[in-house]
Amino acid sequence: MLWTASQVLRKFSTSSHHYQNKLKLAIIGQSLFGQEVYSNLRKQGHKVVGVFTVPDKDGKADPLAVAAEKEGTPVFKFPRWRVKGNPIPEVVDAYKAVGAELNVMPFCSQFIPMNVIDHPKHGSIIYHPSILPLHRGASAINWTLIHGDKKAGFTVFWADDGLDTGPILLQRECDVEPNDTVDTLYNRFLFPEGIKAMVESVQLIADGKAPRIPQPEEGASYEGIQKKSNAKVNLAQPAEAIHNWIRGHDKVPGAWTVIDGQSVTLYGSSMLGGSVPEGQPLDIEGASQAARVTKNGLILYGTDGKALLVKNLQFEDGKMIPASKYFSSGESASVELTDDEKTMAEEIRNIWKGILSNVPAIEDTTDFFKSGAASMDVVRLVEEVKQKCAGVQLQNEDVYMATTFQDFIQMFVRKLRGEDQEEELVVDYATKDVNNMTVKMPYQCFINGKFEDSENGKTYDSISPSDGSVICKVSYASVGDVDRAVAAAKEAYENGPWGKMNPRDRGSLLYRLADLMEEHQEELATIESIDSGAVYTLALKTHVGMSIQTFRYFAGWCDKIQGKTIPINQARPNRNLTFTKKEPLGVCAIVIPWNYPLMMLAWKSAACLAAGNTLVLKPAQVTPLTALKFAELSVKAGIPKGVINILPGSGGMVGQRLSEHPDIRKLGFTGSTPIGKQIMKSCAVSNLKKVSLELGGKSPLLIFSDCDMDKAVRMGMSSVYFNKGENCIAAGRLFVEESIHDEFIHRVVEEIKKMKIGDPLDRSTDHGPQNHKAHLDKLLEYCEIGVKEGATLVYGGKRVDRPGFFMEPTVFTDVEDHMFIAKEESFGPVMVVSKFKNGDVDGVLQRANDTEYGLASGVFTRDINKAMYVSERLEAGTVFVNTYNKTDVASPFGGFKQSGFGKDLGEDALMEYLKTKAVTVEY
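Residues numbered from 1 in each chain as written. Predicted model: local features only at pLDDT ≥ 70, side-chain atom pairs only at ≥ 80, totals over all residues. Heavy atoms only, no water.

Draft legend 1. Spotlight on the pairing of strand β18 (residues 437-442). Pairing between strand β17 (residues 429-434) and β18: six bridges, direction antiparallel. Paired with Lys432 across the bridge in β18 is Val439. (Pairing = 2+ DSSP bridges. Helix = DSSP H or I, 4+ residues; strand = E, 2+ residues; numbered from the N terminus.)

Here it is in structure tokens:
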């Protein structure tokens, strides 16, 4: 039935008319739509005998009243037409006095009595923005989109005493675009075509050709008025339903949700096809999973796993921002206007004055909306400014984001200058086809979220230890680069989103970073292998694998950092509450070694970031490439700019400046004891910054005759040769009980002979090259000293005859306590073995502890009592029993004595990057 009626209406609405018959009209309504209908009806020769509209608001007349008064048409501004359901006689009499033949109601928010509706000769016609009988009610456009209708439209119908149930005069329809909002649908079709249709309807009536087609009840629906109070979006539903709800309230009344305890209105929704952009997680009340703030906007997820994009957010104070800027801090610095720009600003001030006619003067602080502007005034402002200043890219949303005149001018000038463009991360890669892939390696300094050359333009060669070839040139950071990086980290900590972020959101970002590291683990392991010489399988499992685990572990700690409540003596008669807070330190410096480039970065950085600090990190000069790749991934994870800064270069320049810098509050260092002492001194003299040091070691491993020999041989070799001996906790000296000594050495040598030395990317390789040539030379010298002092070189001690920095796994026996190799760390594949007398537990303990180092230690025995006795007396930060190298992200790691102080990993590591504040309240 409706289809038939539509065909009839379409016939009428598309036929040609000659406007010969004219009517006397009363226009009852308001808004710019009402103004346009009024003006067009007058242009067609109809006589408007009276305009009935709403009273002025804040001293500003409705657009319909402004137009009518300008033309001399009688204007009536009745606050209401009824009281307690009864018509107000004087209002009705004033209306009847104009003698209208037809009431035209283009948009009317007032309830008009039926004795007014029925009074004229031709009755009354009303515009309704839906295809009746669908979506009766005052929020028809909203519900068209909320329900996901594929067609939208409007109806001009004859008013009756029902609720949008009168006979249909004319209908038009259009397709609903996937991302239409109330505003776009209204502006594209319902507004311009609705004006034409109202004028056409009046002429049909004047010509006696207007149909009265009863509305069918089949397919009829009525929905209530959508207000701000009932526009909260339910995020626990499929993505398309969320999208339809948001766009169905855009711009009025605005769908909202709760973020960080305040109502935030969502605008500019669209369904997201393809991959989801990377960004910063954001918890939203009632969401099925964390949202994500990306460079394109806010990503929301439905219960079906699909995603939608929200472009703009509006806060409770009315301020609107791009959703992509949710975590951005503060206001942008004001721009200084040129003379030409000042002239344009005054022209724009006149435009504002023309729109805000009720405002005596447009001041810098004048708020567009608080001065009475409505949505159509936004359109007018945008179009007038674009007409005045051709070429500027201005959108309606820009007005909502800059509501005061001063903010609007600042926004306009930035757009005019092209300063509002989003900055993309630009990476100039060094590429290498290796390991069945093309690895892409950043090689520049990473400062304040950008890769850039060093200040002085200097570079150095990063050398592959496998063959001595140049991998790429790397920026060589200067003191000036350090200062810029520290300034960026300080700004990010004090004013950026990182310092204001909820701990759980910070954790979500670190989880995302770990996920990205896992996605890129093969590439990271390949870079680690070619840059440090690590065997690929070990790099994949340990160098990269444990780095991922470390970030996930500390990500989980972010929202679990707690203080305590402390009972104290009360200050009678008052009472007191004392509690402690754990707070981040601020800007931290991290200086890491070359043996585990990525893992050492992770051990320190993850705890530092989880605690809420920002950092400047100096990787080892010879192994910078995985740290710079990590920097790239941190941007993709959504870590705000300035939070992480990476400076490749020399320890003598970059490391020294970091230790002296007055804005750094903590320095974490892993490296040699002599350098650690120098750093500690500089940190004390500069600003007494907090320090944690993981330094040299000469870790003893005690192997008793009652051990599991197979395990002792396997683990004893691992304790020395793991990662080519370039291992902080490597067993620097093995004490083997006399009765099993010879068997142990024999079995070790036989196993060494089976080890494959070669290309670290070869999956069957057991032993790769030493990290760099200077270190290889030092190891060869170390072995020469051992031989000269009288130790027995059982195996190895020489460079492997092949390109690259390869050294034979080495075994020394008959090492006496006074010898150089008994006291000093080799940091290479050199097993230093000494005998101890059968049963002499206390004697071997005394020898094991006779060192200034105390990083790690180990014992192999089947006797649990002996194991516990020895572990209690070994002076080392870590004791391994019947195992070795078994570190875990949850277990604290650090040394005693001249092996340093402070811990990496575990809860203890967090405390290295936090300070305790005590607060006492009297009440």
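Having seen the model, we can carry on.
Draft legend 2. A look at the UniProt feature "site: Essential for catalytic activity" (unreviewed entry) in the chain. When the UniProt feature table is mapped to this numbering, "site: Essential for catalytic activity" (unreviewed entry) covers Asp164. Residue placement: Asp164 occurs in the loop between β8 (151-158) and β9 (168-175). Every residue in contact with Asp164, bar those within four places of it in the chain, is listed here: His128, Leu132, Arg136, Gly137, Phe157 and Gln215. At 2.8 Å, the side chain of Asp164 and the backbone nitrogen of Gly137 are in polar contact. (UniProt positions renumbered as here; feature names shortened; annotations may be inferred. Contact = heavy atoms within 4.5 Å. Polar contact = N/O pair within 3.5 Å; in protein donor to acceptor, adjacent residues only side chain to side chain.)

Draft legend 3. The packing of aromatic side chains, seen in detail. Here the structure, examined in full by the defined rule, presents 28 aromatic pairs. Ring plane angle 35 degrees and centroid distance 5.6 Å describe the contact between Phe154 and Phe189, whose orientation is recorded as tilted. Within this pair, whereas Phe154 is found in strand β8, its partner Phe189 is found in helix α7 (residues 182-206), the two being separated by 35 residues in sequence. Of the two residues examined, Phe154 and Phe189, each falls in the buried class. When the ring of Tyr460 is compared with that of Tyr476, the centres are 5.8 Å apart and the planes differ by 80 degrees; the resulting orientation is edge-to-face. Of this pair, Tyr460 sits in strand β21 (residues 459-463) while Tyr476 sits in the loop between β22 (470-475) and α13 (479-494), placing them 16 residues apart in sequence. (Phe/Tyr/Trp six-rings, centres within 6.5 Å; stacked < 30°, edge-to-face > 60°. Buried < 20%, exposed > 50% of the residue type's maximum accessible area, 1.4 Å probe, protein only.)

Draft legend 4. Broad picture of the sheet that holds strand β40 (residues 914-922). Sheet architecture is open: three strands sit in the order β23-β24-β40, paired in antiparallel fashion. Strands with a single pairing partner mark the edges of an open sheet, and in this sheet they are β23 (565-566) and β40. Two strands pair when backbone bridges link them, and strand β24 (residues 576-584) and β40 are joined in this way by nine bridges, in the antiparallel orientation. The residue bridging Lys582 from the neighbouring strand is Thr916, located in β40.

Draft legend 5. A nonpolar patch on the surface, seen in detail. On the surface, Leu577, Val921 and Tyr923 cluster together into a nonpolar patch covering about 280 Å² of accessible area. With respect to the secondary-structure elements, Leu577 resides in strand β24. (Patch = residues over 30% accessible without salt bridge, like charges linked within 9 Å, V, L, I, M, F, W, Y side chains within 5 Å. Areas by Shrake-Rupley, 256 points an atom, 1.4 Å probe, with all protein chains shown as cover. Salt bridge = Lys/Arg side-chain N within 4 Å of Asp/Glu carboxyl O.)

Draft legend 6. Just the side chain of Asp904, in detail. With respect to the element layout, Asp904 can be found in the loop between β39 (900-901) and α28 (906-911). At 3.1 Å, the side chain of Asp904 and the side chain of Lys604 are in polar contact.

Draft legend 7. The arrangement of the nonpolar core in detail. Core analysis: the biggest nonpolar cluster contains 131 residues, and Leu298, Leu300, Phe551, Ile703, Leu734, Phe744 and Met831 have the highest contact counts within it. The biggest single contributor to this core is helix α18 (residues 597-610), with eleven residues. Once residues within four sequence positions are removed from consideration, Leu298 is found in contact with Leu282, Ile284, Ala291, Arg292, Val293, Leu308, Leu309, Val310, Leu313 and Ala323. Grouped together as the second largest cluster of nonpolar side chains are 40 residues, Ile27, Ile125, Val156 and Ile205 included. (Core = buried A, V, L, I, M, F, W, Y, C linked by side-chain atoms within 4.5 Å.)

Draft legend 8. Representation of the environment of Ala430 within the structure. Position of Ala430 among the secondary structure elements: in strand β17. Between the C-alpha atoms of Ala430 and Leu601, which are 171 residues apart in sequence, the distance is 21 Å. Once residues lying within four places of it in the same chain are set aside, the contact partners of Ala430 are Val439, Lys440, Met441, Tyr443 and Cys472.

Draft legend 9. Spotlight on the pattern of salt bridges. Counted under the stated rule, the structure contains 43 salt bridges. Of the charged contacts in the structure, one is a salt bridge between Glu69 and Lys77, with a shortest N-O distance of 3.2 Å. We classify Glu69 as partly exposed; its relative accessible area is 43%. A salt bridge links Glu750 to Lys753; the shortest N-O distance between them is 3.5 Å. A residue pair is termed a helical-turn pair when its members lie 3 or 4 positions apart in one helix, as Glu750 and Lys753 do in helix α23 (residues 738-754) at three residues. We classify Glu750 as partly exposed; its relative accessible area is 33%. Overlapping salt bridges bring together Glu523, Lys629, Glu632 and Lys636 as one network.

Draft legend 10. Representation of unusual backbone geometry. The residue after Asp250, namely Lys251, is reached through a cis peptide bond having omega 10 degrees. In this chain, Val252 is followed by Pro253 through a cis amide linkage whose omega measures 0 degrees. Locating Pro253 in the fold gives a position in the loop between α8 (239-247) and β10 (255-259). One non-glycine residue, Ser31, lies in the positive phi region at around 80 degrees. Inspection of the secondary structure assignment puts Ser31 in helix α2 (residues 31-43). Taking the relative accessible area as the measure of exposure, Ser31 reaches 19% and is therefore buried. The phi angle at Asp814 is positive, at roughly 55 degrees, despite the residue not being glycine. Looking at where Asp814 falls in the secondary structure, it is placed in the loop between β33 (810-813) and α25 (820-823).

Draft legend 11. Main features of the sheet that holds strand β34 (residues 830-836). Taking strand neighbours across the sheet as the criterion, the seven strands line up as β32-β33-β34-β31-β30-β36-β37 in an open arrangement whose pairing is mixed. The strands lining the two open edges of the sheet, one partner per strand, are β32 (792-795) and β37 (878-881). Adjacent strand axes in the sheet meet at a mean angle of 25 degrees, parallel and antiparallel pairs treated alike. Examined bridge by bridge, strand β31 (residues 731-737) and β34 share four bridges and lie parallel to one another. Of the residues in β34, the one forming a bridge with Val736 is Lys835. In this fold α23 packs onto β30 (699-703), β31, β32, β33 and β34, with an angle of close to 130 degrees to the strand it touches most, β31. (Axes fitted to C-alpha atoms, helices over the stretch in contact; angles between N-to-C directions.)

Draft legend 12. Inspection of the side chain of Thr526 at higher detail. Mapped onto the secondary structure, Thr526 falls in helix α16 (residues 521-532). Judged by relative accessible area, which is 0%, Thr526 ranks as buried. One polar contact links Thr526 to Asn435, side chain to side chain, over a distance of 2.9 Å. A distance of 2.7 Å separates a polar side-chain atom of Thr526 from the backbone oxygen of Glu522. Setting aside residues no more than four positions away along its own chain, Thr526 makes contact with Val434, Asn435, Met437, Val439, Tyr536 and Leu761.

Draft legend 13. Representation of the packing of α18 against helix α19 (residues 625-636) within the structure. At a minimum axis separation of 8 Å, α18 and α19 run at an interaxial angle of 50 degrees. Considering their axes alone, α18 and α19 lie oblique with respect to each other. Viewed along their axes, α18 and α19 form a crossing whose handedness is right-handed. Packed against α18, whose contacting residues are Pro597, Leu598 and Leu601, the element α19 presents Thr626, Ala627 and Phe630 at the interface. Residues of the contact of α18 with α19, tallied by class, amount to five nonpolar, one polar and no charged. (Parallel < 35°, antiparallel > 145°, perpendicular 65-115°, else oblique. Left-handed = near helix turned anticlockwise from the far one by under 90°. Nonpolar A, V, L, I, M, F, W, Y, C, P; charged D, E, K, R; others polar.)

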